[in-house]
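Breakdown of the fold
For reference, the chains in residue letters:
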Amino acid sequence: MIGSIAALVVLGVGTWAMFWIAAKSPTLSLPGSFGVFTLQGLLLFAILLVLSTQAEGVVVRAAALSIVVVTIAWTTSFAFLVRRERIPLFDLPGADS
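Predicted model only: the values in this text are computed from it and were never measured.

**Concerning the environment of V10**
Tracing the backbone shows V10 in helix α1 (residues 2-24). With relative accessibility at 11%, the residue V10 sits in the buried group. Taking the C-alpha atoms as reference points, V10 and V36, 26 residues apart in sequence, are found 9.9 Å from one another. What V10 contacts, discounting residues up to four positions off in sequence, is Q40, L43, L44 and I47.

So, in structure tokens, the structure goes:
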């Protein structure tokens, strides 16, 4: 339960941060996403590190597994939803006419 909640909070805040960065400056979307992704990984690692010093092995393994499962489910569903929006990746020259 701890791992699932931690993953949901970290991924939710990261997604919100990316939408905020993209709204403020689209040119910072790529470096912002790299920074947010790196920070999310470090935060989840720190949570597991703290948990490993405070809990037993079974709890840590369960938390690590739930973090991995939630992250895979989040990423898959996010990719599916973004794919359905059909946002063009580039504009072709002369496409305006």
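Alright, that's what it looks like, and here's the rest.
**A short note on α1**
If you check α1, its first and last C-alpha atoms are 33 Å apart, about what 23 residues at 1.5 Å a residue would give, namely 33 Å. Turning to α1, the residues buried within the fold contact α2 (29-54) and α3 (57-85).

**A word on the packing of aromatic side chains**
Within the structure shown, the criterion is met by one aromatic pair. Pairing F19 with F78 gives two aromatic rings, centres 6.4 Å apart and planes at 50°, and the pair type is tilted. Pair noted here: F19 is in helix α1 and F78 is in helix α3, with a separation of 59 residues, a long-range link. The class for F19 is exposed, based on a relative accessible area of 53%. Residue classification places F78 among the partly exposed residues on the basis of a relative accessible area of 35%.

**Topic: the packing of α1 against α2**
The angle between the axes and the distance between the axes are what describe a pair of packed helices. Packing of α1 against α2 leaves a shortest axis separation of 10 Å and a crossing angle of 165°. Relative to α2, the element α1 is oriented roughly antiparallel. As for how α1 packs across α2, the hand of that crossing is right-handed. Along its contact with α1, which presents I2, A6, A7, V10, L11, G14, T15, A17, M18, I21 and A22, the element α2 presents S29, G32, S33, V36, Q40, L43, L44, I47 and L51. Of the residues assigned to the contact of α1 with α2, the class counts are 14 nonpolar, six polar and no charged.

**Side note on α3**
Its 29 residues give α3 an end-to-end C-alpha distance of 42 Å, which sits within 8% of 42 Å, the value for a rise of 1.5 Å per residue. Among all positions in α3, only V60, A63, S66, I67 and V70 are buried. Where α3 is buried, its residues meet α1 and α2. After α3 finishes, the residue R86 shows a positive phi value of roughly 55°.

**A few points about the packing of α2 against α3**
At a minimum axis separation of 9 Å, α2 and α3 run at an interaxial angle of 165°. By the angle class used here, α2 and α3 are roughly antiparallel. Viewed along their axes, α2 and α3 form a crossing whose handedness is right-handed. Listed contacts from α3 to L44, L48, L51 and S52 of α2 are V59, V60, A63, A64, I67 and T71. Among the residues forming the contact of α2 with α3, the class breakdown is eight nonpolar, two polar and no charged.

Cut-offs applied
- Residues numbered from 1 in each chain as written.
- Predicted model: local features only at pLDDT ≥ 70, side-chain atom pairs only at ≥ 80, totals over all residues.
- Heavy atoms only, no water.
- Helix = DSSP H or I, 4+ residues; strand = E, 2+ residues; numbered from the N terminus.
- Buried < 20%, exposed > 50% of the residue type's maximum accessible area, 1.4 Å probe, protein only.
- Contact = heavy atoms within 4.5 Å.
- Expected span 1.5 Å × (residues − 1).
- Phe/Tyr/Trp six-rings, centres within 6.5 Å; stacked < 30°, edge-to-face > 60°.
- Axes fitted to C-alpha atoms, helices over the stretch in contact; angles between N-to-C directions.
- Parallel < 35°, antiparallel > 145°, perpendicular 65-115°, else oblique.
- Left-handed = near helix turned anticlockwise from the far one by under 90°.
- Nonpolar A, V, L, I, M, F, W, Y, C, P; charged D, E, K, R; others polar.

None of the figures reported here should be taken as evidence of function without further support.
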